[in-house]
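Observations on the model geometry
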Amino acid sequence: MKKEEFSIMPANLNYSTKRNTYNCERHEVFFGKAYRQKSINDGLVVFLTTENHRGTYGVHGMKGHKFNMYLKKIAQETWMQYYNKTEEEFRQRYGKNYL
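Residues numbered from 1 in each chain as written. Predicted model: local features only at pLDDT ≥ 70, side-chain atom pairs only at ≥ 80, totals over all residues. Heavy atoms only, no water.

What to know about the nonpolar core
If you look at the biggest cluster of nonpolar residues, it comprises 18 residues, and the most contacted ones within it are Met9, Tyr15, Phe30, Leu44, Leu71 and Phe90. Those elements that place two or more of their residues in this core are β2 (45–49), α3 (65–83) and α4 (87–94). Here the element with the most residues in this core is α3; it accounts for six residues. Apart from residues no more than four positions distant in its own chain, Phe30 is found in contact with Tyr35, Arg36, Ser39, Leu44, Lys72, Ala75, Gln76, Phe90, Tyr94 and Tyr98. (Core = buried A, V, L, I, M, F, W, Y, C linked by side-chain atoms within 4.5 Å. Buried < 20%, exposed > 50% of the residue type's maximum accessible area, 1.4 Å probe, protein only. Helix = DSSP H or I, 4+ residues; strand = E, 2+ residues; numbered from the N terminus. Contact = heavy atoms within 4.5 Å.)

This is the structure:
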């Protein structure tokens, strides 16, 4: 049996916190070489449809900036609450404040 992937993100209609369908793709909210593994370790991952991940309005799409920033804001708030950390501690770990 495959181990369930760790996500602390709150339930939301725009994404799933579990890999529950064949057509979903894992998205590390803070990606790039410096932050991808931290996102995985900290539980800041969501599962998106292909369209919401790589489509035009998806987080990696041409017009997906708004959705990307929305996920980052939720992730920061969730991380600070879950780990009982401050905005400054978040900025030190992820390089930027999204609130």
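Here's the deal with the side chain of His53
When you line up the elements, His53 lands in helix α2 (residues 50–54). Relative accessible area serves as the criterion here: at 9%, His53 is assigned to the buried category. A polar contact of 3.4 Å, which involves the side chain of His53, links it to the side chain of His27. His53 has contacts with Glu25, Arg26, His27, Leu48, Gly58, Val59, His60 and Gly61, leaving out every residue within four places of it along the chain. (Polar contact = N/O pair within 3.5 Å; in protein donor to acceptor, adjacent residues only side chain to side chain.)

Thoughts on the pairing of strand β1 (residues 24–28)
Residues in a regular strand point their side chains to alternate faces of the sheet. Among the five residues in β1, four count as buried, and that is most of the element. Sheet topology places β1 next to β2; five bridges connect them, and they run antiparallel. Bridging from a neighbouring strand, Glu25 pairs with Leu48 of β2. (Pairing = 2+ DSSP bridges.)

A closer look at the side chain of Ser39
Mapped onto the fold, Ser39 is located in helix α1 (residues 36–42). A residue is classified by how much of its surface remains accessible, and Ser39, at 0% relative accessible area, is buried. Excluding residues within four positions of it along the chain, Ser39 makes contact with Glu28, Val29, Phe30, Leu44, Val45 and Tyr94.

A look at the pattern of salt bridges
Taken as a whole and assessed by the stated rule, the structure comprises eight salt bridges. With its nearest N and O atoms 2.8 Å apart, the salt bridge here joins Arg19 to Glu5. Of the two residues, Arg19 is situated in the segment before β1 and Glu5 in the segment before β1; the sequence distance between them amounts to 14 residues. Classification of Arg19 as partly exposed rests on a relative accessible area of 41%. Across the salt bridge formed by Glu28 and Arg36, the nearest N and O atoms sit 3.3 Å from each other. The network of salt bridges with common partners includes Glu5, Arg19, Arg26, Glu28 and Arg36. (Salt bridge = Lys/Arg side-chain N within 4 Å of Asp/Glu carboxyl O.)

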